[in-house]
Each structure stands twice: as C-alpha cells, then as structure tokens.
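One-letter residues, chain by chain:
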Amino acid sequence: MEIKTTAMAGTLESSDIQITISAGQDGINIDLDSSVASLYGDQIKKVITDTLVATGITNANVKAIDKGALDCVVKARALAAAQRALETSDQPAWEVF
Amino acid sequence: MEVKEVDVKNRRYRHLWQQFLESNGITGFSAADLEAIDTTSLWLDEEGEVIATGSLAGHVLKYLAIDENHRQAGTTFNIVVSHLTELAAQRGHYHLFVFTKPEYEASFQHVGFQLLAHTPQASLLETGMPTIKDYLNQIKHSSTETGTISAIVMNANPFTKGHRYLVEQASRNSALVYLFVVSNDVSLFKTTERKELVEAGVKDLSNVVVVDGGDYQISPATFPAYFLKSDQEIGDYQAHLDAQLFKQQIAPALGITDRYVGSEPHSKTTENYNQALAEVLPPTVTLHVIPRCQSNNGDVISATRIRQAIKEGRLEDVKCDLPTSTFAFLKANLPILQARLTTHQQKGF
C-alpha cells in the first residue's frame, strides 16, 4: 500500500515509543533511537517491520524514539502510525493484532 | 498537572508566562519573536502555578522552560517535548528544530534530537523527518571531476549582475560550484522565482549547480534574525550557528573547501554574517571575500536598489545592473511586484 502522508504516533514518555513514518523507496528503513538498542534493538525493529508489512507497507522511512516500550506498545504505536500514514484510520486493521 | 493551550499575545497569560520564563533565565521577548509564535502550552499544578511551558513557531520549538522542582529524572521535560511534537505533527510539521543552551543539548538528544551545530553560547538540534542527511543526499552532485568544490549562498532578491560577478569568480577558480538559493517566503521575490532567475542567469556556466538552501542555510527557521529586526546579540549567535552548521555538516558531506561571499558596504546584518563566517570557517573552509561589482555610475550593484527602482517604476535606470533574464522578468511582472511591495511593507523586502 502507498504511504499518502507522513504520520506519527506515540509519545516520548517512559515505557512508550514515538514512531514517525514517511514514504520511502527501497524497503523499510528504521532509524532507531533507544537506550536499550544494544539489547533489544533488533527485536524492536522486527516488531515494527512485521507490523508495517501486515498493513501492506513495503517501502517506508521510519524514525523510532524508544523509551523502554514493551512489544505490545511498539506494535500498537506502529499500527497507529501506519494507518495514519495510509489514511486508513477509519478502517481499523484488527487482524494485525 | 493540567496542560492548557494559550495565546501569549493575550494579556491574561502574557504576564504569567513571561514572568515564569524570566525566572528561569529566558529573555528576549521582541514583538517580532512573539508574532512568530503559533501556540504556547502551559502546564499548571493544582494551585494554578506554572510548572512548565513550551511554544511552537512553525517548525521550531521555542521558550521551553521547566520549574526547577520538576526537573528530576526528566519526566516533565519528556512530557513537554512530547506534547509539542504532537502539536507540531497535527499542524503538518514532522521536522522540528530547537535552539538551546549547550548545557541542555544532552536532554534533547535523550528524546531523539540530533545535534546540528553548536557554539559556546548556543546549540541547534533537529528531530523528525526529513533530516539533514536526507537533504544532503538529495542535493549532492555526482561529479567525476577532481578539483576545488566551492559554495555560494545567496538570497538573490532578485538576481543581479553583482550576483553574476560573484558566481563567475567562483566558477573560474573551481571544478564545481554549489550555488545555494536561500529558501524563504518573506522576500519580495518568491523562492521559486528567485531560483528560476538564478538558474537563467548562470545557465552558461557549466560547473555551477543551483540548489535549494532548504532549512539549513540562512533559513527563517534557523536564522530568523537575518529576516526580522532582532536584537544584535541574537543575530550574532545565530550567524555563528549558521556558519558552524555549514562547516560541520554541509561542507564535509559535499566536499566543499571554499566559500565565496561578496563584500558588504551597506547592510549591517550581512556584514556581521560575513564576519561570523570569517571567524568560524577557516582553516577547514577557505573564505573568499570578493569586492562588490560596481555599476556604471560607480555605486555598487545591490538588489536593495533594484527593489527601490521597482517600487518607483524606474526599471530603465537599473537595466544595466541586471542580466537580460532578470530584466525581462521584472518588466513582465512589474504591476504584481509593485502590488506586493505596497501590501507588505515588511522589513527585509
């Protein structure tokens, strides 16, 4: 699916993650900023990538600022940002969860 | 703790807000600075006392302060920055800048900001997308030639033979010249018009590439004092930041080793900017100050004089100062330009 607009979801508060998605060219590129990147960086990127792929996004530039979010939070924020970017927020993609 | 969106131009909040900022060491409340603010958030405690505040001016975070009893662990700071980035996103700004004191650099980096440049007095950081890397990748010219790569930054409001002379000097002594046209919508000529006139005026110089200055070269976001009548001191630190940004980010990424500027006999702002470049750039980047090209009557060619002539409808008087492409554009669009001048009697026009 085509990204229509840059979109953001999440906050910078503890236990949350702020994800911004914009249109990209070659695959899903994630720029992750996290104090636990060395331990969980790969896992966070995997959750974001899987969530975006499930919504049909194949090309995107993603910026993620993590404040120690659990996987379920990462997934929720990624989905919200993705649907905003696709302008499909009025059709919640429940099956992604 | 509750958060309120307020308009600080409204007297009711102005006093409360300004007093809080001043007690936290933030000063500088000129009319131009206040006018630029789009929205301000105030965080209040149960007694109605201000705990924190932050403002948005376009895509710049401003006037951010937190009461010293609420600074521990940075919790409030993260809430404030979070809230402001959300407000900015709602307004369509996903790319944000902040100017701050060097001691707060780390706090912003902790919430995902990247440092662009710093001086002993101030730091400039950005967050979101697109980043400076995206900007530089987009303008980078894939040249196979070897030799000096130079840069010129100009507003060209509008492009004159004086500008042309400066570009020729750089072109003659370089393998490649990046000609950055300042992006702003506060000049008489729109960004697209200025860029088109520059392109038309240098199209015979094959080693000159005309690129967009974006948010990183004398932009109203990062160097507002260049466009507004601001405090001398503020203009000075912003000029140094702009010069540092050029030296630390733009020049290394594009391989630029030389920068050309015209000498400035008239404008104090530009003269100070040249001075800042001279202090910051060498030895990493060589600065060439080229004496200004003279008109037939012995005065230096200046865009200010061209704009004056437009206002008074005396285009023929300045014809010899203009490349044919610029003159043709002025002639064809004189009524529109004069109308813009009368409706916007702003400083900087």
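You'll find the structure just up there.
Residues numbered from 1 in each chain as written. Chains lettered and ligands numbered in written order. Predicted model: local features only at pLDDT ≥ 70, side-chain atom pairs only at ≥ 80, totals over all residues. Heavy atoms only, no water.

A. Expanded view of the nonpolar core. Residue and element names in this part refer to chain B. Membership of the largest hydrophobic core comes to 43 residues, with the highest contact counts inside it found for Tyr178, Phe180, Tyr216, Phe246, Ile250, Leu254 and Ile256. At the level of secondary structure, the elements contributing two or more residues to this core comprise strand 5 (95-100), strand 6 (114-118), helix 5 (132-139), strand 8 (149-154), strand 9 (176-181), strand 10 (208-212), helix 8 (232-254) and helix 9 (268-280). Looking at which element gives the most residues to this core, the answer is helix 8, with eight residues. When residues are assigned to domains, this core turns out to be shared by domain 1 (2-129) and domain 2 (134-347), each giving three or more. (Core = buried A, V, L, I, M, F, W, Y, C linked by side-chain atoms within 4.5 Å. Buried < 20%, exposed > 50% of the residue type's maximum accessible area, 1.4 Å probe, protein only. Helix = DSSP H or I, 4+ residues; strand = E, 2+ residues; numbered from the N terminus. Domains from an automatic or database assignment.)

B. The arrangement of the packing of aromatic side chains in detail. All names here are of chain B. Within this structure, the stated rule accounts for 11 aromatic pairs over all chains. Seen in terms of ring centroids, Trp17 and Phe29 are 5.5 Å apart; in terms of plane orientation they differ by 75°. Their pairing is edge-to-face. One end of the pair, Trp17, is in helix 1 (residues 11-23); the other, Phe29, is in the loop between helix 1 and helix 2 (31-35), with 12 residues separating them in the sequence. With a relative accessible area of 0%, Trp17 lands in the buried category. On the numbers, 5.2 Å between centres and 75° between planes, the contact of Phe108 with Phe113 is edge-to-face. There is no split in this pair, since Phe108 and Phe113 are both buried. (Phe/Tyr/Trp six-rings, centres within 6.5 Å; stacked < 30°, edge-to-face > 60°.)

C. View of the environment of Tyr63 of chain B. Residues and elements named next belong to chain B. Mapped onto the elements of the fold, Tyr63 is located in strand 4 (residues 60-66). Between the C-alpha atom of Tyr63 and that of Tyr165, which follows or precedes it by 102 residues, the distance is 42 Å. If near-sequence neighbours (up to four positions away) are discounted, Tyr63 is found in contact with Trp17, Leu21, Ile26, Gly28, Phe29, Asp33, Ile37, Thr53, Gly54 and Ser55. One polar contact links the side chain of Tyr63 to the main-chain carbonyl oxygen of Gly28, over a distance of 2.8 Å. (Contact = heavy atoms within 4.5 Å. Polar contact = N/O pair within 3.5 Å; in protein donor to acceptor, adjacent residues only side chain to side chain.)

D. Up close: unusual backbone geometry. Along the chain, Met129 of chain B connects to Pro130 of chain B via a cis peptide bond; the corresponding omega equals -5°. In this structure, Pro130 of chain B sits in the loop between strand 7 (123-128) and helix 5. The peptide bond linking Asn157 of chain B to Pro158 of chain B adopts the cis configuration, its omega dihedral lying at 0°. Topologically, Pro158 of chain B is positioned in the loop between strand 8 and helix 6 (161-172). Its identity as a non-glycine residue notwithstanding, Glu87 of chain A has a phi of 55°, on the positive side. For Glu87 of chain A, the position within the fold is in the segment after helix 2 (71-86). Using a relative accessible area of 48% as the deciding quantity, one classes Glu87 of chain A as partly exposed. Although it is not a glycine, Ile218 of chain B adopts a positive phi angle of roughly 40°. Relative to the assigned elements, Ile218 of chain B resides in the loop between strand 10 and helix 8.

All quantities given are derived from atomic positions and should not be read as evidence of function.
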